[in-house]
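# Geometric and topological summary
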Protein chains: 4
Amino acid sequence: MYVNRVLDLSVQGAKVLLQAAIAKAEAMGVPQCIAIVDRGGNLMVFERMEGAKLHSQFSAIQKAYTAVSAKVSTGQLPTDLAVGIALASGNRFATIAGGLPIEIHGEVIGGIGIGSGTDEQDIEVAEAAIEALKAAISSEAGS
Amino acid sequence: MYVNRVLDLSVQGAKVLLQAAIAKAEAMGVPQCIAIVDRGGNLMVFERMEGAKLHSQFSAIQKAYTAVSAKVSTGQLPTDLAVGIALASGNRFATIAGGLPIEIHGEVIGGIGIGSGTDEQDIEVAEAAIEALKAAISSEAGS
Amino acid sequence: MYVNRVLDLSVQGAKVLLQAAIAKAEAMGVPQCIAIVDRGGNLMVFERMEGAKLHSQFSAIQKAYTAVSAKVSTGQLPTDLAVGIALASGNRFATIAGGLPIEIHGEVIGGIGIGSGTDEQDIEVAEAAIEALKAAISSEAGS
Amino acid sequence: MYVNRVLDLSVQGAKVLLQAAIAKAEAMGVPQCIAIVDRGGNLMVFERMEGAKLHSQFSAIQKAYTAVSAKVSTGQLPTDLAVGIALASGNRFATIAGGLPIEIHGEVIGGIGIGSGTDEQDIEVAEAAIEALKAAISSEAGS
């Protein structure tokens, strides 16, 4: 086969992730930067909530890219190895937590990156966003 | 719809493009750098033919990226505008000819970038490669 | 002597390395990014196999460059020193494993870089590729 | 053939170029930055003469790289095209004069880049250096 039919995140899907992430971050009282990238690692939607950190506009995107690239959550490798990968890839690899791959029907179709909170807070927001997307897809399929 | 089914170039398809580009460049007697990127702009395959220019290893990739990104062939904008886009996008936009989008069944599914010849030579090689891919796909569909 | 006769990898040789690396990676069930550079550290051929990581398109090239540059396999230095070299060289030095020098007839004539697997998987693929090149050269010499 | 026997500049040869360039620049009364790269575009020897311009430490190297990469003297393309190539190759292409390829026995084996004078002065120094190398090689061959 010279071409593949693949699943990719739509902007509508990216917005479900973004809105759910914002809602979760508001509920937690922790302003966040939220980035969603497609399966090619390209930025789809982004929001820096009121009060979120300036540098997180960059790290949230990097986390989202890294998650879809590596197909696993960021921040799980030993630091030496992770920093080495970051250097070797021209700094296209986040070594810290807060990036999660978005897997739907067995395919990684995008990545979400959260930055401004603690590791745990960032991950909690990303997980809530992915849950919301999966719920929306299930609901759509069932209707 | 929260997700899209999209068409993407497979590695097998990328290799058809690469081999056809090499064959064309050999027939023309002009060694070339040849880069193929997928619909997300990420490098799939690359070859620098014996005698091709060193710096073209970079520009061929940039041309391929730009073509899939803009969904039109590179080198068609007025120079001032093209350079402006290159600067504004952090130098992720080739202003010169030799990058062509790969459109199959109405979707841009990748890009090809050729570098080391004149504008005309680069374009001729890219066009030959795309023709070869289309022929292979037609042949597969008809079999 | 004002000039040297030196041995350099040909594109044909680079393709032997690439194909053997792909075959090994397929046999292992681990999709890889594979980069081959010549004795000057310039990219010759590259392939990102279906499913390999996006960021490895960059790190595989960096590993290949580092191996031919340092004339030893990457990832063998203490981390602090390796990171220091990477920083001091403007990030032209991979600190992690997966890059091997290609030594033929006592000369380092190129480098191979593999990325997307574990350290051990990357090295195993690179070694298989170099073995295949050596076998091809022996076979050619003997014919 | 899986490997090529190619001609490369030796450090001894690079020093002949450098000394001849310095001698010529001194005779002209124009302090220069002088860079010599090998066939892979890697820096071999460099000197910034007393009084030469600071920024020319970078441009001389870029000119030498470009000359060996493109296998022709720098500064000969229309500006729009040359600037476009520079941008597309990640600024690895000098658009201005002062870089010359070093061709010996029909092979481009290195590049020389001169910077701090006018275009004409830079070229004159580079040409004198290459003449000196060719004379040294002829003399060696004849002895």
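The notes below deal with the structure included here. (Residues numbered from 1 in each chain as written. Chains lettered and ligands numbered in written order. Predicted model: local features only at pLDDT ≥ 70, side-chain atom pairs only at ≥ 80, totals over all residues. Heavy atoms only, no water.)

Within a sheet, neighbouring strands are paired by backbone hydrogen bonds and run either parallel or antiparallel to one another. Residue and element names in this part refer to chain D. Read across the sheet, four strands follow the order 3-2-5-4 without closing on themselves; strand pairing throughout is antiparallel. Edge positions in the sheet fall to strand 3 (43-48) and strand 4 (99-104), since each has one partner strand and no second. Direction aside, the axes of adjacent strands within the sheet are offset by 15 degrees on average. Where strand 2 (residues 33-38) and strand 5 (residues 107-115) come together, six bridges link them in antiparallel fashion. In the strand pairing of strand 5, I36 is matched with I112. The strands that helix 1 (residues 11-28) touches are strand 2, strand 3, strand 4 and strand 5; relative to strand 3, the one it contacts most, it runs at about 20 degrees. Running over the sheet, helix 2 (residues 56-70) touches strand 2, strand 3, strand 4 and strand 5 and is turned about 155 degrees from strand 5. (Pairing = 2+ DSSP bridges. Helix = DSSP H or I, 4+ residues; strand = E, 2+ residues; numbered from the N terminus. Axes fitted to C-alpha atoms, helices over the stretch in contact; angles between N-to-C directions. Contact = heavy atoms within 4.5 Å.)

Another point: the relation of the copies chain D and chain B. Placing chain D over chain B gives an RMSD of 0.1 Å and needs a rotation angle of 88 degrees, together with 0.2 Å of translation along the axis. Both copies of the chain, as the preceding transformation shows, are related through a four-fold rotation axis. (Least-squares fit on C-alpha atoms with pLDDT ≥ 70 in both.)

It is worth spelling out the pairing of strand 5 (residues 107-115) of chain C at this point. Moving residue by residue along a regular strand, the side chains alternate between the two faces of the sheet. Residues and elements named next belong to chain C. For strand 5, the buried fraction is high: eight of the nine residues fall into the buried class. Bridging between strand 4 (residues 99-104) and strand 5 involves six bridges; their strand directions are antiparallel. Within the sheet, the bridge partner assigned to L100 lies in strand 5 and is I112. Between strand 4 and strand 5, which follow one another and run antiparallel, lie two residues, and H105 among them has a positive phi close to 50 degrees. (Buried < 20%, exposed > 50% of the residue type's maximum accessible area, 1.4 Å probe, protein only.)

So, about the packing of aromatic side chains. Following the criterion strictly, the structure yields zero aromatic pairs over all chains and no others. Between the NZ or CZ atom of R92 of chain A and the centre of the ring of F58 of chain C, over which it lies, the distance is 3.7 Å. (Phe/Tyr/Trp six-rings, centres within 6.5 Å; stacked < 30°, edge-to-face > 60°. Lys NZ or Arg CZ within 6 Å of the ring centre and 35° of its normal.)

Accessible area lost when the parts come together is the quantity often used to give the size of an interface. With 19 residues of chain D at the interface, the matching set in chain B holds 17 residues. Carbon and sulfur atoms make up 62% of the area that chain D and chain B hide from each other, which totals about 1,400 Å². The interface formed by chain D and chain B includes zero salt bridges. Connecting chain D to chain B are six residue pairs in polar contact (both at pLDDT 80 or more). Put simply, the parts of the chain that give the side of chain D that touches chain B at least two residues each are helix 2 and helix 3 (79-88) of chain D. When grouped by side-chain class, the residues that make up the side of chain D that touches chain B number eight nonpolar, seven polar and four charged. (Buried area = accessible area lost by both parts, 1.4 Å probe. Salt bridge = Lys/Arg side-chain N within 4 Å of Asp/Glu carboxyl O. Polar contact = N/O pair within 3.5 Å; in protein donor to acceptor, adjacent residues only side chain to side chain. Nonpolar A, V, L, I, M, F, W, Y, C, P; charged D, E, K, R; others polar.)

Tallying each qualifying case throughout the model produces 20 salt bridges over all chains. Residues participating in the shared-partner salt-bridge network are R5 of chain A together with R39 and E107 of chain B.

Among all positions of helix 3 (residues 79-88) of chain B, only A82, V83 and A86 of chain B are buried. Relative to the axis of helix 3 of chain B, the buried residues are bounded by an arc of 95 degrees and lie together on one face. Turned more than 90 degrees away from the buried face of helix 3 of chain B sit D80, L87 and A88 of chain B, all of them exposed. Looking at the buried residues of helix 3 of chain B, the elements they touch are helix 3 of chain D. Downstream of helix 3 of chain B by a residue or two, G90 of chain B has a phi angle that is positive, lying close to 65 degrees. (Arc of directions from axis to C-beta.)

Attention now goes to the interface of chain B and chain A. Counting residues at the interface gives 22 residues for chain B and 22 residues for chain A. For the pair chain B and chain A, the two sides together bury roughly 2,200 Å², of which 52% comes from carbon and sulfur. On the chain B side of the contact with chain A, Y2, V3 and R5 of chain B bury the most area, a combined 35% of that side's loss. Applying the counting criterion to the chain B and chain A interface returns two salt bridges. Between E107 of chain B and R5 of chain A there is a salt bridge whose closest N-O contact spans 3.6 Å. Across the chain B-chain A interface, the total number found is twelve residue pairs in polar contact (both at pLDDT 80 or more). Elements with a minimum of two residues in the side of chain B that touches chain A: strand 1 (3-9), helix 1 (11-28), strand 5 (107-115) and helix 4 (119-142) of chain B.

On to the state of the cysteines. Tallying each qualifying case throughout the model produces zero disulfides over all chains. Free cysteine C33 of chain C: the closest other cysteine sulfur is in C33 of chain B, separated by 19 Å. (Disulfide = S-S within 2.5 Å.)

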